[in-house]
Amino acid sequence: MIFITLLHSQSKHLLISIRDVKFKNMKSSLFRSTAISLDLGLLLLRLAAGGAMLTHGWPKLQKALAGSTQFADPIGVGPELTLYLAILAEFVCSILVILGFATRVAVIPLIATMLVAFFIAHSADPFGVKEPAFVFLGIFTCLFLTGPGKYSLDNSIK
């Protein structure tokens, strides 16, 4: 096509060449791991995982505020303490993850909670039931290894 346009007019060929270069640059920037794309990815991962985990922690917090401390005791520390530990992890630490504040410390209770959920609380369940705990475990482990990224309170405090 470029050869044909060369025969018709030089300006038309130049326009097509510029479009080809822009497309190539756009394609290479979309599939290249740059600092900004990694930091945006970590931000989206923190927002999604932290927000989704809040939906598990919020009902537990409401339950505790209503005075009910009946809860499963999969690790043998008592149902009341187990509920408070779950609230700490799933509600408080989720907010810290969303904000990107003390992220590597905040994901430790979340990792522990997901390990308990996957290997103890749901050990007899089929994988489809315990799959959310497995996915959260993977996400929070990745955030522990990578940190929160540039778009976080951790980074702005440095």
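Structure shown above.
Keep in mind that what you see is a predicted model, and the values were worked out from it rather than measured. (Residues numbered from 1 in each chain as written. Predicted model: local features only at pLDDT ≥ 70, side-chain atom pairs only at ≥ 80, totals over all residues. Heavy atoms only, no water.)

(A) Structural detail: the environment of threonine 82. Take threonine 82: it is sitting in helix H4 (residues 79–99). In sequence terms threonine 82 and threonine 113 are 31 residues apart; their C-alpha atoms lie 9.9 Å from each other. Leaving out residues up to four positions away in the same chain, threonine 82 has contacts with Phe71, Ala72, Asp73, Pro74 and Val77. Within the local environment of threonine 82, its side chain forms a polar contact with the backbone oxygen of glycine 78, the two atoms lying 2.7 Å apart. (Helix = DSSP H or I, 4+ residues; strand = E, 2+ residues; numbered from the N terminus. Contact = heavy atoms within 4.5 Å. Polar contact = N/O pair within 3.5 Å; in protein donor to acceptor, adjacent residues only side chain to side chain.)

(B) View of the pattern of salt bridges. In the structure shown here, the tally under the stated rule is one salt bridge. Here lysine 60 ties to glutamate 90 by a salt bridge, and the two come within 2.7 Å at their closest N and O atoms. Of this pair, lysine 60 sits in helix H3 (residues 35–65) while glutamate 90 is found in helix H4, placing the two residues 30 residues apart along the sequence. Across the pair, glutamate 90 and lysine 60 agree in class, each one buried. (Salt bridge = Lys/Arg side-chain N within 4 Å of Asp/Glu carboxyl O. Buried < 20%, exposed > 50% of the residue type's maximum accessible area, 1.4 Å probe, protein only.)

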